[in-house]
Amino acid sequence: QVKLVESGGGLVQAGDSLRLSCAASGATFSSYAMGWFRQAPGKEREFVAAIARIGGLTNYAESVKGRFTISRDNAKSTMYLQMNSLKPEDTAVYYCAGRLPHNSLRYYNTEQEYDNWGQGTQVTVSS
C-alpha cells in the first residue's frame, strides 16, 4: 500500500492560482495510476483529474478542463495539481488517490477504482 499526503491548499481569491502536491511513500510511486478528487460541503466527492503511470496520459473533469493541470514527478514520488483561474465553486477538500493499474496506459475516473487515499487538503476560493 502506498501512503499519500496532500499539501498546498489554502485560501485564495477568485482568479488566483494554487498548486497542490501529493507526496507518496511506502511503495514504488511510478507503479501507480493517480488521481485527484474533491468534495465540497454537502456534496458527494467528485472526480477532478487523473494521470496514468506514463505521465503524458491524463484526463480531466469538464468543469476544470483548461484551468487545471495534473502532472507527476516519479523521481520525487509526487503528483501535482496546478489550479489556475480559480472560481468559488472550486472550493472543496481535495484528495489524491492511487491504485496499481491494469496497464501503464490506464487512468481511472471514479473513486471506486482507487484503493489508496490521502487525508485531503482544503482549498477555499473567495469571490
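Shown above is the structure to which this text applies.
Note that the structure is predicted; figures quoted are calculated from it, not measured.

Definitions and limits used
Residues numbered from 1 in each chain as written. Predicted model: local features only at pLDDT ≥ 70, side-chain atom pairs only at ≥ 80, totals over all residues. Heavy atoms only, no water. Phe/Tyr/Trp six-rings, centres within 6.5 Å; stacked < 30°, edge-to-face > 60°. Helix = DSSP H or I, 4+ residues; strand = E, 2+ residues; numbered from the N terminus. Lys NZ or Arg CZ within 6 Å of the ring centre and 35° of its normal. Buried < 20%, exposed > 50% of the residue type's maximum accessible area, 1.4 Å probe, protein only. Contact = heavy atoms within 4.5 Å. Polar contact = N/O pair within 3.5 Å; in protein donor to acceptor, adjacent residues only side chain to side chain.

Q: Could you give an account of the packing of aromatic side chains, with specific residues and numbers?
A: Tallied over the entire structure, the rule returns five aromatic pairs. Judged by centre distance (5.4 Å) and plane angle (80 degrees), the ring pair of Phe37 and Tyr114 falls under edge-to-face. With Phe37 in strand E4 (residues 33-39) and Tyr114 in the loop between strand E9 (92-99) and strand E10 (116-117), this pair connects stretches of sequence that are 77 residues apart. In this structure an aromatic cluster arises from ring pairing among Phe37, Phe47, Tyr108, Tyr114 and Trp117. Above the face of the Trp117 ring, Arg45 is positioned so that its terminal group lies 3.9 Å from the ring centre.

Q: Explain the environment of Gln39 to me, using residue names and the numbers behind them.
A: Assignment of secondary structure puts Gln39 in strand E4. Of the residues examined, Gln39 reaches a relative accessible area of 30% and is grouped as partly exposed. Discounting residues that sit within four places of it in the chain, Gln39 has contacts with Glu44, Arg45, Ala92, Val93 and Tyr95. In this structure the side chain of Gln39 is engaged in a polar contact, spanning 3.0 Å, whose partner is the backbone oxygen of Lys43.

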